[in-house]
Each structure stands twice: as structure tokens, then as C-alpha cells.
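Single-letter residue listing:
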Amino acid sequence: EAGVAQSPRYKIIEKRQSVAFWCNPISGHATLYWYQQILGQGPKLLIQFQNNGVVDDSQLPKDRFSAERLKGVDSTLKIQPAKLEDSAVYLCASSSVQGNNEQFFGPGTRLTVL
Amino acid sequence: AQSVTQPDIHITVSEGASLELRCNYSYGATPYLFWYVQSPGQGLQLLLKYFSGDTLVQGIKGFEAEFKRSQSSFNLRKPSVHWSDAAEYFCAVATWGNTGKLIFGQGTTLQVKP
């Protein structure tokens, strides 16, 4: 079974630029999560989707961050405009009810904002 | 509010020695608890989880953890550490049962001396 795929793996941009990250969850997983992991900290949930609906986006900075999950499969997370403090690893995870909702994580995208 | 505390930021142990990583949580209801491991440049891998039942849970790679409700703790242990265990370890609690978001501790970095 293929794991959670993310791209790109690394991205370097300048502040005020925009950037987008892509995630392809494990086939059949209805729930998809985006986490932000700042260096030296644990991951923090940004947004959770159930199929193509948003379950929790309480910690998503909506003035600059947006995410979508069209057709309930792939998801894209966008930052526009980026700030220095957005430098972090962005992790995507997916889970299924059949799998007891265990979250499987992708390798992450490391973003550096200069 | 739910929270997870990992008191030790860095731990160094000799190869072959025993290991215990501490985790304390704050959660009003029955917690769903997890330990994840993250190697450099990799995503998070689940080591073990506690949902209910036996308070001593076995995981992969020879790890185990014990849930102690009276102490609000879920410490991770391994009787004999291998050099390949060097990584960052995260304790996490799931909100509203096991379908909700994970709240992570800040992580413990394990260094293994030869």
C-alpha cells in the first residue's frame, strides 16, 4: 500500500511570495490533516478535512493560509503572502475509520522563507 | 485545554542501556495516547497507542509504554537501546476520542552513544 505522498519536499521562497503544497493521502482514507511543525516543536494541526468538508480549521491563519480538498482526495495548502515565521515543515496525514483512525504521515515539505 | 508535556528536550544514553522518555498529559476525559518517532527528514511513524484496556502497551521496535491515570503519564520505555533508535520522539493525545486532531508534545531528541 502506498503511503501519504507530499510535494515538493523542499521549498525556499522570499517573504511576501506565495507557495503551495500538495498532498495525496492513502487510497480510501476519508480524513486528511495538515500540520505545521516549527523547528524544535511538535506538530500543530492547521486543518482537518473529512472527505471534502472542513472539520477543524481553528488554528489556520486564514488571512494568509488556505486549503482545499476537491473531490475528497488530494489536497493543496497555500500560503499567500508568506512571512518569515512560516518557515517550518508542513506535514500531511490521513486516516480511515476502518483503520481505527490511526494517522499516517507523509514525509513533509520543508519551507524556508527568507 | 488539552496539552502534552515532555519534560526532557534531549536525552543521551549508551547503546545497550535502558531508556525511559517521559510524557505527561492534561485532558479532561479518557485520553487516547500515542508515541511517534521521527527520523531526520522523515515523517512521523507510530510506535504505539493506548485507547483503553491494559495499561501496558507494546509497540514496534521493542518499545512499550505504560498509562498511569493517577499520574497523568504515558512514559515510553525500551530495555536495550540500539544506535538506530537515535531520533526525535513525540508523545501526543487525541481530542474527542480517536477521530480528532492530535496534540503533540514538544518532542525529546534521543542521542545514542556507542
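What comes next concerns the included structure. Computed from a predicted structure; not experimentally measured.

**Quick notes on the side chain of A:Gln6**
All names here are of chain A. Its location among the elements puts Gln-6 in strand β1 (residues 5-7). Separated by 2.9 Å, the side chain of Gln-6 and the backbone oxygen of Tyr-90 make a polar contact. Residues contacting Gln-6, with those up to four places away along its chain left out, are Trp-22, Trp-34, Tyr-90, Leu-91, Cys-92, Gly-106, Pro-107, Gly-108 and Thr-109.

**Side note on the packing of aromatic side chains**
All told, the structure shown has 16 aromatic pairs over all chains when counted by the stated rule. Consider the rings of A:Phe105 and B:Phe104, whose centres lie 6.3 Å apart with planes at 75°: the pair is edge-to-face. Linking A:Phe105 in strand β10 (residues 104-105) with B:Phe104 in strand β11 (residues 102-104), this pair reaches from one chain into another. With respect to class, A:Phe105 is no different from B:Phe104; both count as buried. Between B:Tyr36 and B:Phe104 the ring centres are 5.8 Å apart and the planes differ by 50°, which places this aromatic pair in the tilted class. Of this pair, B:Tyr36 sits in strand β5 (residues 32-38) while B:Phe104 sits in strand β11, placing them 68 residues apart in sequence. Note on accessibility: B:Tyr36 and B:Phe104 belong to one class, buried. Linked through ring pairs, A:Tyr33, A:Tyr35, A:Phe105, B:Tyr32, B:Phe34, B:Tyr36, B:Phe51, B:Phe90 and B:Phe104 together constitute an aromatic cluster.

**Points about the nonpolar core**
B:Leu19, B:Trp35, B:Leu47, B:Leu48, B:Phe74, B:Leu76 and B:Tyr89 are the most contacted members of the largest nonpolar core, which has 28 residues in total. Elements supplying a minimum of two residues to this core: β2 (10-14), β3 (19-21), β5, β6 (44-50), β8 (64-68), β9 (73-78), β10 (87-94) and β12 (108-113) of chain B. In terms of residues, this core owes the most to one element, β10(B), which gives four residues. In contact with B:Phe74, other than residues within four places in its own chain, are B:Cys23, B:Leu33, B:Phe34, B:Trp35, B:Leu48, B:Tyr50, B:Val57, B:Ala65, B:Glu66, B:Phe67 and B:Cys91. One finds A:Leu46, A:Ile79, A:Cys92 and A:Leu111 within the second-largest nonpolar core, a separate group that totals 21 residues.

**Notes on the sheet that holds strand β7 (residues 65-68) of chain A**
Residue and element names in this part refer to chain A. Judged by pairing direction, the sheet is antiparallel, and its four strands sit side by side in the order β1-β3-β8-β7 without closing on themselves. On the outer flanks of this sheet lie β1 and β7, each paired with one strand and no other. Going from strand to strand, the sheet's axes swing by 15° on average, the running direction of each strand aside.

**As for the state of the cysteines**
Tallied over the entire structure, the rule returns two disulfides over all chains. Linked covalently through their sulfurs, A:Cys23 and A:Cys92 form a disulfide whose S-S length is 1.9 Å. With the S-S bond torsion at -70°, the cross-link from A:Cys23 to A:Cys92 turns out left-handed. Taken together, the residues span a long stretch of sequence, with A:Cys23 in strand β3 (residues 19-24) and A:Cys92 in strand β9 (residues 88-95) at a distance of 69 residues. Judged by its relative accessible area of 0%, A:Cys92 falls in the buried class. Residue B:Cys23 pairs covalently with B:Cys91 via a disulfide, S to S 2.0 Å. Measuring the twist about the S-S bond at about -65°, one finds the B:Cys23-B:Cys91 disulfide to be left-handed.

**What about the pairing of strand β8 (residues 75-79) of chain A?**
Residue and element names in this part refer to chain A. Here β8 shows a buried face lined by Ser-75, Leu-77 and Ile-79 and an unburied face lined by Thr-76 and Lys-78. The sheet contact formed by β3 and β8 spans five bridges and is antiparallel. When the bridges of β8 are listed, Trp-22 appears paired with Thr-76. Between β7 and the antiparallel strand that follows it, β8, lie six residues; Lys-71 among them carries a positive phi value of about 65°.

**With respect to the layout of surface pockets**
Of the voids in this model, the largest pocket is the one considered here, and its volume is about 560 Å³. Only β9 and β11 (109-113) of chain A together with β10 of chain B provide two or more residues apiece to the lining of the largest pocket. Grouping the constituent residues of the lining of the largest pocket by class yields 11 nonpolar, 14 polar and three charged. Taken as a whole, the second largest pocket holds about 160 Å³ of empty space. Looking at the second largest pocket, it is lined by 13 residues, and the ones nearest its centre are B:Val37, B:Ser39, B:Gly43, B:Gln45 and B:Lys61. Looking at the lining of the second largest pocket, the elements that each hand over two or more residues are β6 and β10 of chain B. Per element, the largest residue contribution to the lining of the second largest pocket is three residues, and it comes from β6(B). Here the lining of the second largest pocket is built from residues that sort into six nonpolar, five polar and two charged.

About the criteria used
Residues numbered from 1 in each chain as written. Chains lettered and ligands numbered in written order. Predicted model: local features only at pLDDT ≥ 70, side-chain atom pairs only at ≥ 80, totals over all residues. Heavy atoms only, no water. Helix = DSSP H or I, 4+ residues; strand = E, 2+ residues; numbered from the N terminus. Polar contact = N/O pair within 3.5 Å; in protein donor to acceptor, adjacent residues only side chain to side chain. Contact = heavy atoms within 4.5 Å. Phe/Tyr/Trp six-rings, centres within 6.5 Å; stacked < 30°, edge-to-face > 60°. Buried < 20%, exposed > 50% of the residue type's maximum accessible area, 1.4 Å probe, protein only. Core = buried A, V, L, I, M, F, W, Y, C linked by side-chain atoms within 4.5 Å. Pairing = 2+ DSSP bridges. Axes fitted to C-alpha atoms, helices over the stretch in contact; angles between N-to-C directions. Disulfide = S-S within 2.5 Å. 1 Å grid on protein atoms, 1.4 Å probe; cavity = no way out; pocket = protein on both sides within 12 Å on 5 of 7 lines; lining within 4 Å. Points joined across faces, edges and corners; volume = space filled by probe spheres on them. Nonpolar A, V, L, I, M, F, W, Y, C, P; charged D, E, K, R; others polar.

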